Amino acid sequence: NNIVSDHERTISRLMGDLKTADQSFAEYRDKFAQMDDENKQLQRLLDDASMKREASQDRVRFLEDQCEHAKGNLINALSNDVSDQSMKSFNSHATVQELAQKAASILIDLKDREQG
């Protein structure tokens, strides 16, 4: 009889321990599920931020390319303008030289006529 009541107490204690363990396991399972949901939400936020960062980097690269292109166009335009100005200056210089030669030629002709 004592043995049976000892076994009953042991079984009752073990059942209580099992119930407590089952409750603890359920609590941990719920906490784990909550943490897993939070982790998934954080991962989505991280993925979203990463995509936005990549889009920003793509935009920066695009703007840098546009700046380089505009800079190239500006350099070409300035170079062409300088070339045009140089050509005009050269042409003006050539015209002055031609006029000076014609004037000298006319003076020589006049001197020749005066002497002749």
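Structural notes, computed from the coordinates. (Residues numbered from 1 in each chain as written. Predicted model: local features only at pLDDT ≥ 70, side-chain atom pairs only at ≥ 80, totals over all residues. Heavy atoms only, no water.)

**Digging into the overall build of the chain**
Assigned secondary structure in the chain consists of 1 helix and 0 strands. A compact globule built from 116 residues should have a C-alpha radius of gyration of about 13 Å, whereas the chain, at 49 Å, is more than 25% larger. When the backbone C-alpha atoms are referred to their principal axes, the chain occupies close to 165 × 15 × 5 Å. Relative to its full complement of 116 residues, the chain shows a buried share of 0%. Accessible area for the chain stands at about 10,800 Å²; split by element, carbon and sulfur atoms hold 57% of it. (Helix = DSSP H or I, 4+ residues; strand = E, 2+ residues; numbered from the N terminus. Rg over C-alpha atoms; globule rule 2.2 N^0.38 Å. Buried < 20%, exposed > 50% of the residue type's maximum accessible area, 1.4 Å probe, protein only. Areas by Shrake-Rupley, 256 points an atom, 1.4 Å probe, with all protein chains shown as cover.)

**Concerning the pattern of salt bridges**
This structure, assessed with the given rule, holds 5 salt bridges. Put simply, Asp58 and Arg61 hold a salt bridge, and the shortest N to O gap is 2.4 Å. Taken together, the positions of Asp58 and Arg61, both in helix α1 (residues 2-115) and 3 residues apart, correspond to about one turn of that helix. The exposure class of Arg61 is partly exposed, given its relative accessible area of 43%. Between Glu68 and Lys71 there is a salt bridge, and its shortest N-O distance comes to 3.4 Å. Here the residue Glu68 and the residue Lys71 both occupy positions in helix α1, the gap between them amounting to 3 residues, near one helical turn. On the basis of relative accessible area, Glu68 is assigned to the partly exposed category, the value being 49%. Overall, the relative accessible area of 44% leaves Lys71 in the partly exposed class. (Salt bridge = Lys/Arg side-chain N within 4 Å of Asp/Glu carboxyl O.)

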